[in-house]
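Here's the letter readout for the chains.
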Amino acid sequence: MKSQAQTGHIFRFTLKKEWLKLLLWLTGCAFYVIMGVVAFVEVYGDPLERQSMAVAMQNPAMEALFGRAIGIDNYTIGAMYSHTMTILGFVLFAVMSILLVVRNTRSEEEDGILEMIQALPTGRLAHTTSAILLLLLTNGLLAIISTVLLIVLGDGSMGTEGAILTGIVYGMSGIVFGSVTLVTAQLSSNARGAMMMAFGVLGASYMLRIVGDSGIELLSWLSPLGLLYGSEPFVNNYWFPVWISIGLSLLLITIALWLKHQRDMGAGLLPDRAGKRHATALLKTPMGFVLKLVKTPLVVWAIAMLLLGVSYGSVIGDVEGLLEGNEVIEQIIAADPDLSMVDQFMAMILGVLAMAATIPSIQVLLRLRGEEKKNRLEKIIAGSHSRLVIFGSFIVVSVVVVVLFQLLQSFAFGGSAVFMDYDVLLREIIVAAMAYIPAILVMIGVASVLIGWLPKLTSLIWLYVGFAFVVLYFGGLFDMPDFINGLSPFYHVPEMPIEEWSWTVTTVLSLLSLVLMAVGYAGFRRRDID
Amino acid sequence: MTKLIEIKALEKSFGKTIALKNVSFEVNSGEIVGFIGPNGAGKSTTIRILLGLIRADAGTATIFGKDVWKESVDIHKRVAYVPGDVNLWPNLTGGQVIDLFLSMHGIKVDKQRKENLMKRFEFDPTKKCRAYSKGNRQKVALIAAFSADADLYIFDEPTSGLDPLQERVFQDCTREVLAKGASVLLSSHILSEVEQLCDKVAIIRQGEIVESGSLSDLRHLTRTQITFQTQEEIKGIEEQPYVHDLIREKEAIVFQLDADHLNEFLTFIQPYTVLKFESAPPKLEDLFMRHYETVKGGD
Ligand SMILES: Nc1ncnc2c1ncn2[C@@H]1O[C@H](COP(=O)(O)OP(=O)(O)OP(=O)(O)O)[C@@H](O)[C@H]1O
Ligand SMILES: [Mg+2]
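Counting restarts for each chain: residues are numbered from 1 in the order of the written sequence. Chains carry letters from A onward and ligands carry numbers from 1 onward, assigned in written order. Note on the predicted model: pLDDT of at least 70 is required for a residue's local features to be given, and 80 or more for side-chain atom pairs to be given and counted; whole-chain, interface and lining totals, by contrast, use all residues. The side-chain figures draw on all heavy atoms in the structure; neither hydrogens nor water molecules are used.

Q: Help me understand the overall build of chain B in this model?
A: Where helices and strands are cited, they refer to DSSP runs of H or I of at least four residues and of E of at least two residues respectively, numbered from the N terminus. If you tally the helices and strands in chain B, you get ten helices and 14 strands. Contacts: residue pairs with any heavy atoms within 4.5 Å of one another. Looking at chain B alone, contacts between residues at least 24 apart form 69% of all its contacts between residues at least 6 apart. Summed over all atoms, the accessible surface of chain B reaches about 14,200 Å², with 47% contributed by carbon and sulfur. Charged-residue counts in this description rest on Lys and Arg as positive and Asp and Glu as negative, His and the chain ends being excluded. Just so you know, the charge point we use is NZ for Lys, CZ for Arg, CG for Asp and CD for Glu. Put simply, chain B has 38 plus and 43 minus side-chain charges, and the middle of one group is 9 Å from the middle of the other. Residue-level accessible areas treat just the shown protein chains as cover; the underlying method is Shrake-Rupley with a 1.4 Å probe.

Q: Is there a simple way to think about the overall build of chain A in this case?
A: Counting its regular elements, chain A contains 24 helices and zero strands. For the radius of gyration, the atoms used are the C-alpha atoms, and the globule rule reads 2.2 Å times the number of residues raised to 0.38. Here the C-alpha radius of gyration of chain A, 24 Å, is about what a compact globule of 530 residues would show, namely 24 Å. Each principal axis of the C-alpha atoms in chain A carries an extent, and together these give about 70 × 55 × 40 Å. When each of the 530 residues of chain A is scored for burial, the buried share is 55%. For chain A, restricting intrachain contacts to residue pairs at least 6 apart in sequence, the fraction spanning at least 24 positions comes to 80%. By element, 68% of the accessible surface of chain A is carried by carbon and sulfur atoms, the whole surface being about 22,300 Å². Separation between the mean location of the 32 positive side-chain charges and that of the 39 negative ones in chain A comes to 24 Å. Accessible area is worked out with a 1.4 Å probe on protein chains only. A residue is then buried under 20% of its type maximum, exposed over 50%, and partly exposed in between.

Q: What should I look at first to understand the domain arrangement of chain A in this one?
A: Note on interface size: it is often stated as the accessible area lost on association of the parts. Residues and elements named next belong to chain A. Parsing chain A into structural domains produces domain 1 (1-42 + 88-270) and domain 2 (295-530). Each of domain 1 and domain 2 was reduced to a C-alpha centroid, and the two centroids are 28 Å apart. In this complex, domain 1 contributes 13 residues to the contact, which on the side of domain 2 involves 17 residues. Where domain 1 abuts domain 2, roughly 1,300 Å² becomes buried across the two surfaces, and 78% of that area is made up of carbon and sulfur atoms. Take the accessible area each of two parts loses on contact, using a 1.4 Å probe, and add the two losses: that sum is the buried area. Its largest share of buried area at the contact with domain 2, domain 1 owes to Leu 88, Met 196 and Met 207, together 37% of the area lost on that side. For this document, the term salt bridge refers to a Lys or Arg side-chain nitrogen within 4 Å of an Asp or Glu carboxyl oxygen. Linking domain 1 with domain 2 are zero salt bridges, by the criterion used here. We call two N or O atoms a polar contact when they sit within 3.5 Å, provided that within protein one can donate a hydrogen and the other can accept it, with sequence-adjacent residues counted only if both atoms are side-chain atoms. If you look at where domain 1 meets domain 2, you find one residue pair in polar contact (both at pLDDT 80 or more). Sorting the residues of the side of domain 1 that touches domain 2 by element identifies α1 (7-43) and α9 (191-213) as the ones contributing at least two each. Here the limits of each domain have been adopted from an automatic or database domain assignment.

Q: Even after reading the chapter, I still don't get the confidence of the model for chain B, so can you show me in this structure?
A: Caution is warranted with low-pLDDT regions, since their predicted coordinates should not be read in detail. Residue and element names in this part refer to chain B. With 91% of its residues at a pLDDT of at least 70, chain B reaches an overall mean of 87. Every residue carries a pLDDT, the predictor's confidence in it, which falls somewhere between 0 and 100. Here helix α10 (residues 284-298) is the element of chain B with the lowest mean pLDDT, 59, and strand β8 (residues 183-187) is the one with the highest, 96. Two summary scores accompany this predicted model of the complex, namely pTM at 0.82 and ipTM at 0.82.

Q: Before we go on, may I ask you to explain the interface of chain B and chain A in this structure?
A: Contacts between the two partners involve 29 residues from chain B, matched on the other side by 26 residues from chain A. When the buried area of chain B at its contact with chain A is split by residue, Leu 53, Trp 89 and Met 104 of chain B rank highest and sum to 28% of it. Taken together, chain B and chain A are joined by three salt bridges. The partner of Asp 264 of chain A in a salt bridge is Lys 12 of chain B, with the nearest N and O atoms 2.5 Å apart.

Q: Explain the side chain of Thr 7 of chain A to me, please; I cannot follow it from the model alone.
A: Residue and element names in this part refer to chain A. With respect to the element layout, Thr 7 can be found in helix α1. The class of Thr 7 is buried, set by a relative accessible area of 9%. There is a polar contact of 2.5 Å between the side chain of Thr 7 and the backbone oxygen of Gln 4. If we ignore the near neighbours within four places in the chain, the residues touching Thr 7 are Ala 126, Thr 129, Ser 130 and Leu 133.

Q: Before we go on, may I ask you to explain helix α12 (residues 240-262) of chain A in this structure?
A: An α-helix turns once every 3.6 residues. As a result, residues three or four positions apart point the same way. All names here are of chain A. Expected helix span is given by 1.5 Å per residue-to-residue step, counting one fewer step than there are residues. In this model α12 runs 33 Å from its N-terminal to its C-terminal C-alpha over 23 residues, within 8% of the 33 Å that 1.5 Å per residue would give. Of the positions making up α12, those classed as buried are Pro 241, Val 242, Ser 245, Ser 249, Leu 252, Ile 253, Ala 256, Leu 257, Leu 259 and Lys 260. Those residues of α12 hidden inside the fold are in contact with α5 (106-110), α6 (113-118), α7 (126-153), α8 (160-187) and α11 (224-229).

Q: How do you make sense of the domain arrangement of chain B when you look at a structure like this?
A: Entries for chain B in the domain assignment read domain 1 (3-218) and domain 2 (223-281). Here the C-alpha centre of domain 2 of chain B lies 42 Å away from the C-alpha centre of domain 1 of chain B.

Q: What exactly am I supposed to notice about a positive patch on the surface here?
A: There is a patch of like positive charges on the surface, built from Lys 373 and Lys 456 of chain A together with Lys 128 and Arg 130 of chain B. Residue placement: Arg 130 of chain B occurs in the loop between α4 (111-120) and α5 (134-147). Residues forming no salt bridge and having over 30% relative accessible area are the ones grouped into patches, like charges within 9 Å of each other and nonpolar side chains (Val, Leu, Ile, Met, Phe, Trp, Tyr) within 5 Å.

Q: For this particular structure, what's the right way to read empty space enclosed by the protein?
A: Rolled over the atoms, a probe as big as a water molecule pinpoints where empty space is left. Any residue with an atom within 4 Å of a point lines the site, the site being either a cavity, points on a 1 Å grid over the protein atoms alone where a 1.4 Å probe fits but cannot get out, or a pocket, an open set with protein on both sides within 12 Å along at least 5 of 7 lines. Grid points are joined across faces, edges and corners, and a volume is the space filled by probe spheres set on the points. The full count for this structure, using the stated rule, is three cavities of 30 Å³ or more. Of the volumes computed, that of the largest cavity is approximately 110 Å³. Lining the largest cavity are Met 116, Ala 119 and Leu 120 of chain A together with Val 79, Ala 80, Tyr 81, Phe 101, His 105, Ala 141, Ala 144 and Ala 145 of chain B. Breaking the lining of the largest cavity down by element, the ones donating at least two residues are β6 (79-82) and α5 of chain B.

Q: Can you help me understand the site of ligand 1 in this one?
A: Residue and element names in this part refer to chain B. The cutoff for a nearby residue is simple: one of its non-hydrogen atoms must lie within 4 Å of the molecule or strand. Taken together, 13 residues are adjacent to ligand 1, and Gly 40, Lys 43, Ser 44, Thr 45 and His 189 come closest. Note that an oxygen atom of ligand 1 is positioned 2.7 Å from one of the backbone N or O atoms of Lys 43. Contact between ligand 1 and Glu 157: an oxygen atom at 3.1 Å from a side-chain N or O atom of the residue. Residue assignment for the shell around ligand 1 shows that the elements contributing at least two residues are β2 (17-28) and α1 (43-50). With three residues, the single largest contributor to the shell around ligand 1 is α1.

Q: So what exactly am I meant to see when it comes to a nonpolar patch on the surface here?
A: All names here are of chain A. Taken together, the side chains of Ile 34, Val 38, Ile 144, Val 148, Ile 151, Val 152 and Leu 153 present a nonpolar region at the surface, about 560 Å² in accessible area. Among the elements of the structure, α1 and α7 are those that each provide at least two residues to the nonpolar patch. For the nonpolar patch, the element with the highest residue contribution is α7, accounting for five residues. Secondary-structure assignment places Ile 151 in helix α7.

Q: How should the nonpolar core be read in this particular structure?
A: In terms of nonpolar packing, the biggest core is built from 127 residues, with Leu 65, Tyr 81, Tyr 170, Tyr 312, Phe 413 and Phe 490 of chain A touching the most fellow members. A per-element tally of this core places helix α16 (residues 341-373) of chain A first, with 17 residues. Each of two domains, domain 1 (1-42 + 88-270) and domain 2 (295-530) of chain A, supplies a minimum of three residues to this core. Residues in contact with Phe 490 of chain A, not counting those within four places in the same chain, are Ala 354, Met 355, Thr 358, Tyr 436, Ala 439, Ile 440, Met 443 and Ala 468 of chain A. Counting 87 residues, the second-largest nonpolar core is a separate cluster that includes Trp 89, Met 104, Cys 173 and Leu 197 of chain B. As used in this record, nonpolar core signifies buried Ala, Val, Leu, Ile, Met, Phe, Trp, Tyr and Cys residues forming a set joined through side-chain atoms within 4.5 Å.

Q: What is the right way to read the pattern of salt bridges from this model?
A: Opposite charge on two side chains permits them to pair, given that their charged atoms come into close proximity. The tally for this structure, following the rule as stated, stands at 27 salt bridges over all chains. Between Lys 200 of chain B and Glu 31 of chain B there is a salt bridge, with the nearest N and O atoms lying 3.4 Å from each other. Of this pair, Lys 200 of chain B sits in strand β9 (residues 200-205) while Glu 31 of chain B sits in the loop between β2 and β3 (32-36), placing them 169 residues apart in sequence. With respect to burial, Lys 200 of chain B and Glu 31 of chain B carry one shared label: buried. Measuring nitrogen to oxygen at the nearest pair gives 2.6 Å for the salt bridge that ties Asp 99 of chain B to Lys 114 of chain B. Here Asp 99 of chain B, found in helix α3 (residues 94-104), pairs with Lys 114 of chain B, found in helix α4; they are 15 residues apart in sequence, far enough to count as distant. A relative accessible area of 7% means that Lys 114 of chain B is categorised as buried. Overlapping salt bridges bring together Arg 68, Arg 209, Asp 213 and Glu 232 of chain A as one network.

Q: I keep staring at the packing of aromatic side chains and nothing clicks. Help me out?
A: Any two aromatic rings considered together are summarised by their centre-to-centre distance and by the angle between their planes. All names here are of chain A. Note on aromatic pairs: the rings of Phe, Tyr and Trp (six-membered ring only in Trp) are paired at centre separations within 6.5 Å, and the planes decide the class, stacked below 30 degrees, edge-to-face beyond 60, tilted for the rest. Tallied over the entire structure, the rule returns 26 aromatic pairs over all chains. Seen from their ring centres, Phe 90 and Tyr 170 are 6.3 Å apart, and the 85° between their planes marks the pair as edge-to-face. Within this pair, whereas Phe 90 is found in helix α4 (residues 77-104), its partner Tyr 170 is found in helix α8, the two being separated by 80 residues in sequence. Looking at Tyr 170, the relative accessible area reads 0%, which means it is buried.

Below, the structure is given as structure tokens:
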């Protein structure tokens, strides 16, 4: 096997440069599992409470969020864990693997590092194979850690087989999406493209699953997320999704290796478009320059948000029909007859959509730091533009993105809900989405403070976004203390269909975000450019 | 002399861009060949094909008689490569990277030799790669290459980031490996470097080799600048076919002489009393400025 020459050598070296990153990721993943098990065991010890939860979970809106309701007849802690923690966990582990694969394949190729390695007596596939080994090792460890944690921390309803199966499907979600990324890394000639394509597949899988779980079940099985979810650990312990996903990964890995073996170094299979000869007038303005930098990812995000809004919106109409005339459900949830269950779901989904819109807007701002790291910022600053103009341009574009995306999403979500005959005013939904804008701006403010004062730690913003997401997603389930919840700006936003618009919150959050942005700029103005 | 590198009728396109149309040349063992040509002529493309990094569309290329694509691993055991733009892992130190490259070469690291090279290149191996300047990153690759006991060195603009002093070190090191019997293919835009080091050159233009051979042979094809002064007034020199661009200065006459007609010219001025005679040998630069210029004209 000439093409594998020195794979072991490169793999050992890869471990040396990656171990710290992987340790941090695995710790994060372990924390996710621990948080889930402990919280469920603590909060839902009472079977009656679990059963009422089971009923509440059993409707299309909730299923769209968490996945098809499973183990409802006997909603044990295990079933509850499987139902609510699995899909989100898959996404988390998939993201980890996508980043890992891009970092160790196309990124190094794009940087020219691979050229040096392949000019040494190493096989043509050695570098990629070492990335594959790392993918398998990381997800293998993830599977083992999760299994052990579930066995140790779980209660009686979480059997060994279920724990092992859970661990394995966790690992498989990483491996499947890592394998997808191995292929996209051959298709695109740059790291950014490879990553976007892989995230695109992940996003499509997620939406396929939403639509599938709300009715057209076949679609769920076509989505790797839906397929792995179908293993139903602790409830039915089906193993066939594991076998199918192993087969799928093997196929993808084979394709990726074959493509890698055939193609030229530095080339992608998808053609790069020829660039324009001259900069357009727009590109010459700082704002236009920022827009140009982020245009493609924003278009992709916009499409994703539109689809996400429509997917959620189209299932919400079904909820009402399900609830109507079901006395048991009405009894459980309609303690306060003014609080419609559907409205509650709507509020929650609007929160999730707002979190989703946060990601691209922060990405826009972080591009400032990205350009700096690639030494391209120097040139712009050395040019005629002041730092205020540059910093300001990124902030403005990022704020505009927030407003536009919130409008777009709420319109898609509300519009399709109305289209599905759900009795709601489109205007109300759009206003509800607007209420989240100041909270997102606070996130942007925090990111700008990091860029201004702690540029090396800018990525920490994702930890904060993750935290806000956990509060939003699990805050209700886990009964977290208010002062912790309160650390997330989203927590303060009124959940509009069920709560009232609040000028106080809007004003306070907006002012806070302005202060944060100003503080960020103050730091950016005086610090060295890397 | 055995042929170390043998390239025949190489062709390569990237989409619609034709990078190589017809490239053939050879590097014999013990030789150092300069590979020169304007930007975008196809030097790096040829070198990357030689290294098995990209695949030629047509033609053959062999190193040590082995196919460069199929047997790249075997070939690379005896080849050291330095690209013009060296990028490294930002989190590792230069010393770590050098050791890694050497260990992948399957060579026991000769500590003494490595230390020696680091001293000569004035290189600090303890810094993280992200902190190195362009020239220092290039030194990482150069030190790794020269520490390896390779039979063939392939350099693609290896000194584009080095200061003049370090460039001298590079030239010394290159001469040392040549003295040990290794061969070198050197692509460079620094013509004086090529002129001082190389026995042979291959000039590539728009994907085609337009000139190749030993430097002294090529010099015959070019012109020498002659400055001379005679006591008597000289007549009829303008009419000679080997005289070009003649200028009469106050006392002297300056013109370009076809280098292979030197003898005829000497016969021509023999009857006169020569007061002053200077001849500037053709620089490599003159030799292929012609090629550079035609490209600009042709564009
Ligand atoms: N990956 C690629 N995709 C598309 N075109 C390419 C690619 N690599 C090289 N080319 C084109 O092939 C031609 C030859 O490029 P090459 O890099 O070999 O030139 P070069 O002689 O090394 O130039 P320089 O002196 O600037 O280094 C150029 O026209 C270049 O644009
Ligand atoms: Mg080049």
